[in-house]
Each structure stands twice: as C-alpha cells, then as structure tokens.
Amino acid sequence: MDESRMFQGNTFDNYLNSVAPICEDDAFQKKGHSARTLSPEEAEKLARDQVLVSDFKKLKLEKEAQKNWDLFYKRNSTNFFKDRHWTTREFEDLKACREFEDQKLTILEAGCGVGNCLFPLLEEDLNIFAYACDFSLRAVEYIKKNALYNIERCKVFQCDLTKDDLLENIPADSVDVVTLIFVLSAIHPDKMHLALQNIYKILKPGKCVLFRDYGLYDHAMLRFKSGSKLGENFYVRQDGTRSYFFTDEFLSHLFKAVGYEQVVNEYVLRETVNRKEGLRVPRVFLQSKFRKPLSEA
C-alpha cells in the first residue's frame, strides 16, 4: 500500500494515534537509553492535560476492549497497515537465534493482527513454523481467509493473552522466539504481567521475547486531545482502543518481575515523514529483548 492510499479517509493525527507506525520513510534513526526531550510547549501541554477519564468509562472500555478491536478491523479490513517487511531487518535475532543454518524455528507472534508481519516473515524464511494469535476474532478470520494461509506453516487462533491459557494451543517450552510488536501497549497496565506470564510458559528456556512498542513522548502521545487520558502514560483513542507509552524502566521492571532476564532494552528515536501532509514528526519506540532463563532460580 502506498502512502497516499494510507491516508485516504484518515487525518494524519488519526494515523499517529492508530495502532502501529507504518511509514518507514525516515530522515534518521538512533538508539539509546535516553528518552526524547520535550520542547517547552510539549511539556506545558502534558502538564496541563491532567483530567482523567471517568471510572465508569474506564470500566466500560475494559469490558468492551475486544468489541472495539473487532470494530476496528471491521472498519479497516486488511487495508490499514502496510506489510512489515522491516521486521527481520530490525530484529536480527529472528535469524541469529539459529544454532545452525536452515534450522527450523518455531515462533509465536502474539498479537498478529491481520498478518502484516506474519505473512512476509513466512515468505522470507521457509524454515519457520509460526503460531499466531490475536485478541480480535475478526482479525484471525481475515488471516484464515488469506490466500497465503497454510496450516502446514502456521497455526492461528483467537486469544486474550491476559486470561486465555496459551498452553491450550501451544506445547510448554516449545517456542524459539516470541514477537510482541505493538501489542502490550493495548493492554491495561494492571494486566500486562498476565500476558508476559502466559508467554513465559510456552517459551523454551534460554530463548527470547522480541519487543517493540510505543515509547514515552512519542508524537502520538502528544496528539491526544484533552479528556483522553486514562492514567499515567495511558490514553484512549476516539475508536475506544487504548495505548500505553512505555519507559525503559517500567518495561524492564515488568519483564523482570515475571522472571525474564534483560538482554537489550533501548529507545528508538525516529523522524517520520508524511510527504502528502508536509509533516516531519518525532517517533519514539522501545525495542527490547528479554530472555527466559536456562534454569529456574
């Protein structure tokens, strides 16, 4: 999908507040352990916007979370996101984790959406078997209807990572790599540890979760209107879907509390260009790698 088509029917603000960054036409990228520094105007906006969504609405959003994601995919079908051909470039571990060339890997893509990461990955690497799951049953149905869907190469199923046991679909200690890409941010912060505990059970000892998600002070965070704040670094979009913006400290504590070892945990600072709108905006993500210990303590 080209960029002009991407923005049909969507303002650039809506795009930035959508589920994941799509545009890879960037002026620069750098990685490090320092978060982005806000401008005085941005700092003033965040300091001023402290009104929280009512408790009633918070409970309603939590109760209707799956419904809101199903509606998102009903509106956008398979046309909202570009295929993520950048995944293997950004996560060299998808290739480097092999002990020998052509070793068959078993992966889990937790939060697979409509297959924008799954299908390019299966095309690029013929020695991968993929489990894939998503909160939205509608998204899972779109994958199963895709001409590229092959039950000999992947198993896709609906799953709420915070309560549905992955062991019902995946054997314990059987997965080489788990990708968690723009997924955890959509889960209520109080339940994120449940998803990580669930993933821990199916991951082989010594193997890793590859993580990428929104970082603190990403431009999307600064574009939320007043009345969208659910809690610290946690916001709701107009369509009812939610997004959390991570600090490296919070993410590190979250994984370590479950039992993972930290390998890499760093900010990715990008500048995304929307040529149609004539805008250049700062994006902030966290890209990390956490390992299940070889032996339990």
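Everything below is about the structure shown above.
Just so it is clear, the model here is predicted, and its values are computed rather than measured.

Peer 1: Quick one: what's the story with the packing of aromatic side chains, residue by residue and with numbers?
Peer 2: Tallied over the entire structure, the rule returns 16 aromatic pairs. On the basis of an interplanar angle of 90 degrees and a centroid distance of 5.6 Å, the ring pair of Phe 182 and Phe 285 is categorised as edge-to-face. In this pair, Phe 182 is assigned in the loop between strand 5 (175-181) and helix 10 (192-202) and Phe 285 in strand 11 (residues 279-291), connecting sequence segments 103 residues apart. With relative accessibility at 6%, the residue Phe 182 sits in the buried group. Ring plane angle 10 degrees and centroid distance 4.8 Å describe the contact between Phe 224 and Tyr 235, whose orientation is recorded as stacked. Note that Phe 224 is positioned in the loop between helix 11 (219-222) and strand 7 (229-231) and Tyr 235 in strand 8 (residues 234-236), a separation of 11 residues in sequence. Summarising the burial analysis for this pair, Phe 224 and Tyr 235 share the class buried. A network of ring pairs unites the aromatic residues Tyr 200, Phe 211, Phe 234, Tyr 244, Phe 246, Phe 250, Phe 255, Tyr 260 and Phe 290 as a single cluster.

Peer 1: Could you give an account of the pairing of strand 10 (residues 261-274), with specific residues and numbers?
Peer 2: Of all 14 residues in strand 10, 10 are buried, a share of seventy percent or more. Hairpin connection of strand 10 to strand 11: 4 residues between the antiparallel strands, including Gly 278 at a positive phi of 70 degrees.

Peer 1: Outline the environment of Asn 233, listing residues and values.
Peer 2: Position of Asn 233 among the secondary structure elements: in the loop between strand 7 and strand 8. Taking the relative accessible area as the measure of exposure, Asn 233 reaches 12% and is therefore buried. A sequence separation of 12 residues divides Asn 233 from Phe 245, and the C-alpha atoms of the two residues are 5.3 Å apart. Those residues in contact with Asn 233 that sit more than four places away from it in its chain are Leu 216, Met 221, Ser 243, Tyr 244, Phe 245 and Thr 247.

Peer 1: Tell me about the side chain of Ser 228, and please be specific about residues and values.
Peer 2: Within the fold, Ser 228 resides in the loop between helix 11 and strand 7. If we skip the residues at most four places from it in the chain, Ser 228 touches Val 53, Phe 234, Tyr 235 and Val 236.

Peer 1: Quick rundown of the sheet that holds strand 7? Include the residues and the values.
Peer 2: Here we have 3 strands laid out as an open sheet, ordered 7-8-9, and antiparallel in their pairing. What marks the edges here is a single partner per strand, and that holds for strand 7 and strand 9 (242-244). Recorded for the sheet is a direction-independent mean angle of 25 degrees between the axes of neighbouring strands.

Peer 1: Account for the packing of helix 10 against helix 12 (residues 248-258), naming residues and giving values.
Peer 2: Two measures define how a pair of helices packs: the angle their axes make with one another and the distance between the axes. Relative orientation of the contacting elements helix 10 and helix 12 amounts to 50 degrees, with a least axis distance of 9 Å. By the criterion of interaxial angle, the relationship of helix 10 to helix 12 is oblique. In the crossing of helix 10 with helix 12, the sense of the turn from one axis to the other is right-handed. Packed against helix 10, whose contacting residues are Met 192, His 193, Leu 196, Gln 197 and Tyr 200, the element helix 12 presents Phe 250, Leu 254, Phe 255 and Val 258 at the interface.

Peer 1: Let's hear about unusual backbone geometry: which residues, and what values?
Peer 2: Phi is positive for Asp 173, close to 50 degrees, though the residue is something other than glycine. Here Asp 173 shows up in the loop between strand 4 (154-158) and strand 5. Non-glycine residue Asn 233 carries a positive phi angle of around 60 degrees.

Peer 1: Break down the environment of Leu 161 for me, citing the residues and quoting the values.
Peer 2: You can see Leu 161 is positioned in the loop between strand 4 and strand 5. As for Leu 161 and Lys 191, which are separated by 30 residues in sequence, their C-alpha atoms are 9.3 Å apart. Once residues within four sequence positions are removed from consideration, Leu 161 is found in contact with Ala 110, Cys 133, Leu 166, Val 183, Leu 194, Ala 195 and Asn 198.

Criteria and cut-off values
- Residues numbered from 1 in each chain as written.
- Predicted model: local features only at pLDDT ≥ 70, side-chain atom pairs only at ≥ 80, totals over all residues.
- Heavy atoms only, no water.
- Phe/Tyr/Trp six-rings, centres within 6.5 Å; stacked < 30°, edge-to-face > 60°.
- Helix = DSSP H or I, 4+ residues; strand = E, 2+ residues; numbered from the N terminus.
- Buried < 20%, exposed > 50% of the residue type's maximum accessible area, 1.4 Å probe, protein only.
- Pairing = 2+ DSSP bridges.
- Contact = heavy atoms within 4.5 Å.
- Axes fitted to C-alpha atoms, helices over the stretch in contact; angles between N-to-C directions.
- Parallel < 35°, antiparallel > 145°, perpendicular 65-115°, else oblique.
- Left-handed = near helix turned anticlockwise from the far one by under 90°.

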